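# Overview (structure and organization)
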Amino acid sequence: MTDLRIRAATPDDLDTVLAFWKQAAEGTSISDDRDGVERLVTRDPEALILAELDGELVGTVIAGFDGWRCHLYRLAVHPERRRRGIGAALLTAAEERFVRLGGRRGDAMVLVRNETAQHAWRAAGYAPEEKWRRWVKPFAG
């Protein structure tokens, strides 16, 4: 996969990313809109990492670091491009970013029903943390 290009997203990429997630990402998030992704890229320009092959977007991952914890979201690879190392390349870029920033451990949000993703995360060395449960509260906006 020598032609694979890994880079940070720019504001010009956001519409393409949102369209990509509709076909490649499992589930949706309350932040899956132009304002949400634009806020991410404005606040942390290196957090949204893209994989491109011959100029085509084929994968994404959000590598968010709040100064304390390293969070991974939206690891998505185009369905026709899976099992070719794109996800691994994205995770490598995310993990290298975290280490550069002083991060010590990465955590990923993975849907319980997404068994394909669970296999991919395990293959990358991640394991479920069964003693924790995610609690959420949507804010009115």
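Look up a bit, the structure's there.
Before going into details, it helps to say that this report is about the structure given with it. None of the values given here were measured: they were computed from a predicted structure.

### Quick notes on the pattern of salt bridges
Two side chains carrying opposite charge are able to pair once their charged atoms lie near each other. Summed over all chains, the structure comprises ten salt bridges. Linking glutamate 46 and arginine 97 is a salt bridge whose minimum nitrogen-to-oxygen distance equals 3.9 Å. Of this pair, glutamate 46 sits in the loop between helix H2 (34-43) and strand S2 (48-53) while arginine 97 sits in helix H3 (residues 86-101); the two residues are 51 residues apart in sequence, bridging distant segments of the chain. With relative accessibility at 4%, the residue arginine 97 sits in the buried group. Note that glutamate 46 and arginine 100 form a salt bridge whose closest N and O atoms lie 3.9 Å from each other. Note that glutamate 46 is positioned in the loop between H2 and S2 and arginine 100 in helix H3, a separation of 54 residues in sequence. On the accessibility criterion, glutamate 46 (44% relative accessible area) is partly exposed. The class of arginine 100 is exposed, set by a relative accessible area of 59%.

### Some thoughts on the environment of arginine 69
Here arginine 69 lies in the loop between strand S3 (56-65) and strand S4 (70-77). Along the sequence, arginine 69 and glycine 102 sit 33 residues apart, while their C-alpha atoms lie 9.5 Å from each other. For arginine 69, the residues in contact, after removing those within four places along its chain, are Gly64 and Arg105.

How each quantity is defined
Residues numbered from 1 in each chain as written. Predicted model: local features only at pLDDT ≥ 70, side-chain atom pairs only at ≥ 80, totals over all residues. Heavy atoms only, no water. Salt bridge = Lys/Arg side-chain N within 4 Å of Asp/Glu carboxyl O. Helix = DSSP H or I, 4+ residues; strand = E, 2+ residues; numbered from the N terminus. Buried < 20%, exposed > 50% of the residue type's maximum accessible area, 1.4 Å probe, protein only. Contact = heavy atoms within 4.5 Å.

Distances and angles like these do not, on their own, reveal function.
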